[in-house]
Amino acid sequence: MASDHSMIKANTTKGIRSEAERMRMTLASARNSTAILFIFLLFFGAYMYSRCISSNILASVNRFSPGSVTSPSTPLQRKIHKQLPTPYSPLNCSAYNEIKICTVNNPETLTDEEIDSSSSTKECPNYFRWIHEDLRPWKDTGITEEMIARANQSSNFRITIVNGKVYMQKIRKVFQTRDLFTIWGVVQLMRKYPGKLPDLDLMFDAGDKPKNKFKDYRGPNAIAPPPVFGFCGQDSFVAIPFPDWSFWGWPEIRIRPWDTLLEDLKEGNRKTKWIDRDPYAYWKGNPKVAPTRKDLIKCNVSEEQDWNARLYPMDWGAENRGGFHQSNLADQCVHRYKIYIEGVGWSVSEKYILACNSLTLLVKPLFYDFFTRSLVAMQHYWPIKENDKCKSIKFAVDWGNTHKKIVRQIGTTASNFIQEDLKMDYVYDYMLHLLTTYSKLMKYKPIVPPGAVEMCFESMACPEKGLKRKFMMESMVKAPSKTKPCTLPPEFDPAKLQAFNQENEDSIKEVESWENNFYKNQTK
C-alpha cells in the first residue's frame, strides 16, 4: 500500500510538474505572441500616422494648387459623389405599339439627395419679371371656366395637366408642326422637373400674332379678357407669350433644336472674326409675306444705288427641293450687320440673328416674344426706322464701320445674352414659373376635357419618322434635373419699369436724331 501510495504520489507530482511545464510554455508562447502583436500594432500605427500626416500635408498643398484634386475625405468630394437622378428609360416603341398606353417612369418628385440645394440661390434672368405683367389682367379676377370657354374662339388647341399627365384637345388646324413641338416641349418640361407642375388648364393660339384687343375689355361693365397663350404679344393686345415651337426643332425647314443649334452658331461665330466679316447688312427671308418686307427689298444693292444692304429673297419651295443647303443658319454669321424684320407678325428668326455676334439692325417691331422686352437699344441692337428703311440701314452701316469698337461690343453683348440667358435650362425654367404662376390664378379644378388625348414621350415620338423623330430625340430630356429651377424675381417696380421703357425710347430717339442730322447736313 505504501509503495502504491508513493507511486501514485510520484505520478501525481510528475503530472503536476508536466502540467506546470505546459502552462509555463503556454504562457511563454503567449508572451511572445503578445510581444509580436504589440510590435506589429506599433509599426502599423506608425505607418498609418505617417500616411495621415502625408495626406494632410498633400491636402494642404492641393488647396493652394490650381487644378488640384480634392481628397476623397473632404466635403467637396462627397458632394461630387452625391446621388444623381436616375436617367429615364430609352424610347421603346415596340412595347408602346403593343399596348398603346403611356408608361410612367417619371419619378413623382426628386429626393433631397438628388438635388443640388445650392442651385436654389440663383435668380432667373431679368426678362422673367414679365411673367407678372403678362398675367396681370387676371390678378384680381382669377381665371374661371367661363373665361377658358371664351378663349376657345381664338385658340388652336387646349393643354390640360391633371395628376402629372398632359392632355391635348385640338380645336383648329395648326400650320406645320407648331402644336406637336410645343406640346413636346411641355412633356419634356415635366420630365425635367417631375412633380413640379400643378394641375392646370390653358388655351393656346399658334398663330403669328395675338387676336384679343385690350380695348374690347375696358370700361365700367367690361368682362375680364380670355387668357390665351401664344408665341408673341403686342402692347394693344392681351396675350401670354410662351417659348415657341422651334426651341425643340423646326423639321419643315431643317432648323435643329435650340441646344444643338446654339453650339452650331458658336462654331459659326468662331469661323469668321467680326473685323473680317463683310461690312454690309445681311438679310435672307421671304419678302412676300408682308408689305414691310417687300419695302425692305427695295434697299438691295443695284447699279444705281448701294444702301449697304445685301438682301436675299428666299423661295422656301426651292429650298425644300434643294435640301435647304443654302439656308444653314450657322453659315450666315459672315456679315458685320444682320437685319431683323417682322413678317406677318412676330418672326421666329430674331433669336438666331441676335446670336450671330453681328450687330443686329432691328427694324422697329410691333410684336415681342417672351424674352425680347428686356433688350435695350444701343446695348443689344441698333434701331432702324420702319418708314425709311434704306436710309436708316445705310447710316447704321456707315456709322458702324467708322465706330467698329462700339458696334462690336453691342453685337457681342446681344450674342452673350442669347447664349447665356436664353440657354435651354432657362427656357424650361421660364415655362415652369409661367405655368406655376398661372395655375395659382385658376378658380376651378381642371378635369380632362372631352376628346382630349394624353400626350407622352412614347405617344408623341413613336408615330413620327424622319426629321420629326430625329429632332424629338435630340431635344428630349434624358434625366430629371439635378438642380433646382432659378428663383423667380419679383414684379417690376412701376416707377422703375416706366424709367426702363423711357430710357429705351430715349436711346432710339437719339439714334434717329443722329441719322436725321446726318442727312440734313448732306442736303446743304
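The structure under discussion appears in the preceding block.
From a predicted model like this one, the values you see are computed outputs, not experimental measurements.

Points about the environment of methionine 460
Piece 1. On the secondary structure map, methionine 460 appears in helix α14 (residues 457-461).
Piece 2. The exposure class assigned to methionine 460 is buried, which follows from its relative accessible area of 2%.
Piece 3. In this structure the C-alpha to C-alpha distance between methionine 460 and methionine 472, which are twelve residues apart in sequence, comes to 8.9 Å.

Considerations on the nonpolar core
Piece 1. In this structure, Tyr127, Val166, Phe229, Trp258, Ile418 and Leu422 are the most contacted members of the largest nonpolar core, which totals 96 residues.
Piece 2. A per-element tally of this core places helix α13 (residues 424-439) first, with ten residues.
Piece 3. Grouped together as the second largest cluster of nonpolar side chains are 26 residues, Cys299, Ala309, Leu361 and Val407 included.

Overview of the state of the cysteines
Piece 1. Using the criterion set out here, one finds five disulfides in the structure.
Piece 2. Two residues share a disulfide in this structure: cysteine 102 and cysteine 456, whose sulfurs sit 2.0 Å from each other. Looking along the S-S bond of the cysteine 102-cysteine 456 disulfide, the torsion reads about -85°, which is the left-handed sense. With cysteine 102 in the loop between α3 (93-99) and α4 (130-134) and cysteine 456 in the loop between β15 (453-455) and α14, the pair connects residues that are 354 residues apart, well separated along the chain.
Piece 3. Judged by relative accessible area, cysteine 102 falls into the buried class, the value being 13%.
Piece 4. Overall, the relative accessible area of 9% leaves cysteine 456 in the buried class.
Piece 5. The disulfide bridge from cysteine 124 ends at cysteine 486, spanning 2.0 Å between sulfur atoms.

Looking at the pairing of strand β11 (residues 335-340)
Remember that side chains alternate between the two faces of the sheet whenever the strand is regular.
Piece 1. With respect to burial, β11 is a largely interior element, six of its six residues being buried.
Piece 2. Inspection of the sheet shows strand β9 (residues 278-285) paired to β11 by three bridges, in the parallel sense. From the neighbouring strand, tyrosine 282 faces β11, where its bridge partner is lysine 338.
Piece 3. Summarising the sheet, β11 and strand β12 (residues 359-363) pair through four bridges and their orientation is parallel. Bridge assignment links tyrosine 337 to a residue of β12, and that residue is leucine 359.

Let's talk about the sheet that holds β9
The strands that make up a sheet are held in pairs by hydrogen bonds between backbone atoms, and each pair lies either parallel or antiparallel.
Piece 1. Spatially, the five strands line up as an open sheet ordered β10-β9-β11-β12-β14, and their pairing is parallel. Unpaired on one side and paired on the other, β10 (309-313) and β14 (382-384) mark the two borders of the sheet. On average, each strand axis in the sheet is inclined to that of its neighbour by 25°, with strand direction left out of account.
Piece 2. Pairing of β9 with β10 involves five bridges; the strand directions are parallel. For tyrosine 282, the partnering residue across the bridge sits in β10 and is arginine 310.
Piece 3. Of the strands in this sheet, β9, β10, β11, β12 and β14 are in contact with helix α11 (residues 389-402), which crosses β14 at around 155°.

Observations concerning the sheet that holds strand β5 (residues 228-230)
Piece 1. With respect to topology, six strands assemble into an open sheet ordered β8-β5-β3-β1-β2-β15, the strand pairing being mixed. Every interior strand has two partners, whereas the edge strands, β8 (240-241) and β15, have only one.
Piece 2. Note: strand β1 (residues 157-162) against strand β3 (residues 200-204), five bridges, orientation antiparallel. Following the sheet pairing, threonine 160 is matched in β3 by aspartate 201.
Piece 3. Across the sheet, α13 touches β3, β5 and β8, and the angle it forms with β3 is around 110°.

Focus on the packing of helix α7 (residues 258-271) against helix α12 (residues 404-421)
Piece 1. For the pair α7 and α12, the least separation of the axes is 11 Å and the interaxial angle reads 150°. Judged on the interaxial angle alone, α12 and α7 are roughly antiparallel. Every pair of crossing elements has a handedness; the one defined by α7 and α12 is left-handed. Every residue of α12 that contacts α7 at Trp258, Leu262, Leu265, Lys266 and Asn269 is listed here: Ser415, Ile418 and Gln419.
Piece 2. When grouped by side-chain class, the residues that make up the contact of α7 with α12 number four nonpolar, three polar and one charged.

Points about the packing of α11 against α12
Piece 1. The contact between α11 and α12 brings their axes to 5 Å, and the two run at 110°. When the axes of α11 and α12 are compared, the pair comes out roughly perpendicular. Contacts between α11 and α12 involve Trp399, Gly400, Asn401 and Thr402 on the former and, on the latter, Lys404, Ile406 and Val407.
Piece 2. Taken together, the residues of the contact of α11 with α12 break down into three nonpolar, three polar and one charged.

A look at a negative patch on the surface
Piece 1. Where like charges cluster on the molecular surface, the negative patch consists of Glu503, Glu505, Asp506 and Glu510.
Piece 2. With respect to the element layout, glutamate 503 can be found in helix α16 (residues 494-522).
Piece 3. With a relative accessible area of 53%, glutamate 503 lands in the exposed category.

Quick word on the packing of aromatic side chains
Piece 1. Considering all chains together, one arrives at 33 aromatic pairs under this definition.
Piece 2. Considering the side-chain rings of phenylalanine 395 and phenylalanine 518, the 5.4 Å spacing of their centres and the 45° angle between planes classify their relative orientation as tilted. Taken together, the positions of phenylalanine 395 in helix α11 and phenylalanine 518 in helix α16 put the pair 123 residues apart, joining distant regions of the chain.
Piece 3. Classification of phenylalanine 395 as buried rests on a relative accessible area of 6%.
Piece 4. By relative accessible area, which is 30% here, phenylalanine 518 ends up partly exposed.
Piece 5. Of the aromatic side chains, those joined through ring pairs into one cluster are Tyr127, Phe128, Phe247, Trp248, Trp258, Tyr352, Phe370, Phe371, Phe417, Tyr426, Tyr428 and Tyr430.
Piece 6. Over the ring of phenylalanine 457 we find arginine 191, and its NZ or CZ is 4.2 Å from the ring centre.
Piece 7. Above the face of the tyrosine 193 ring, lysine 192 is positioned so that its terminal group lies 5.6 Å from the ring centre.

Brief notes about the pattern of salt bridges
Piece 1. The tally for this structure, following the rule as stated, stands at 22 salt bridges.
Piece 2. For arginine 136, the salt bridge goes to glutamate 491, with nearest N and O atoms at 3.0 Å. One end of the pair, arginine 136, is in the loop between α4 and α5 (145-151); the other, glutamate 491, is in the loop between α15 (466-475) and α16, and 355 residues separate them in sequence.
Piece 3. One salt bridge connects lysine 394 with aspartate 398, and the closest N-O pair in it is separated by 3.3 Å. Taken as a pair, lysine 394 and aspartate 398 lie in helix α11 at a separation of four residues, close to a single helical turn.
Piece 4. Accessibility expressed as a relative area gives 29% for aspartate 398, which makes it partly exposed.
Piece 5. What emerges from the salt-bridge pattern is a single network uniting Glu133, Arg136, Lys139 and Glu491.

The rules behind the values
- Residues numbered from 1 in each chain as written.
- Predicted model: local features only at pLDDT ≥ 70, side-chain atom pairs only at ≥ 80, totals over all residues.
- Heavy atoms only, no water.
- Helix = DSSP H or I, 4+ residues; strand = E, 2+ residues; numbered from the N terminus.
- Buried < 20%, exposed > 50% of the residue type's maximum accessible area, 1.4 Å probe, protein only.
- Core = buried A, V, L, I, M, F, W, Y, C linked by side-chain atoms within 4.5 Å.
- Disulfide = S-S within 2.5 Å.
- Pairing = 2+ DSSP bridges.
- Axes fitted to C-alpha atoms, helices over the stretch in contact; angles between N-to-C directions.
- Contact = heavy atoms within 4.5 Å.
- Parallel < 35°, antiparallel > 145°, perpendicular 65-115°, else oblique.
- Left-handed = near helix turned anticlockwise from the far one by under 90°.
- Nonpolar A, V, L, I, M, F, W, Y, C, P; charged D, E, K, R; others polar.
- Patch = residues over 30% accessible without salt bridge, like charges linked within 9 Å, V, L, I, M, F, W, Y side chains within 5 Å.
- Areas by Shrake-Rupley, 256 points an atom, 1.4 Å probe, with all protein chains shown as cover.
- Salt bridge = Lys/Arg side-chain N within 4 Å of Asp/Glu carboxyl O.
- Lys, Arg positive; Asp, Glu negative; His and termini not counted.
- Charge placed at Lys NZ, Arg CZ, Asp CG, Glu CD.
- Phe/Tyr/Trp six-rings, centres within 6.5 Å; stacked < 30°, edge-to-face > 60°.
- Lys NZ or Arg CZ within 6 Å of the ring centre and 35° of its normal.

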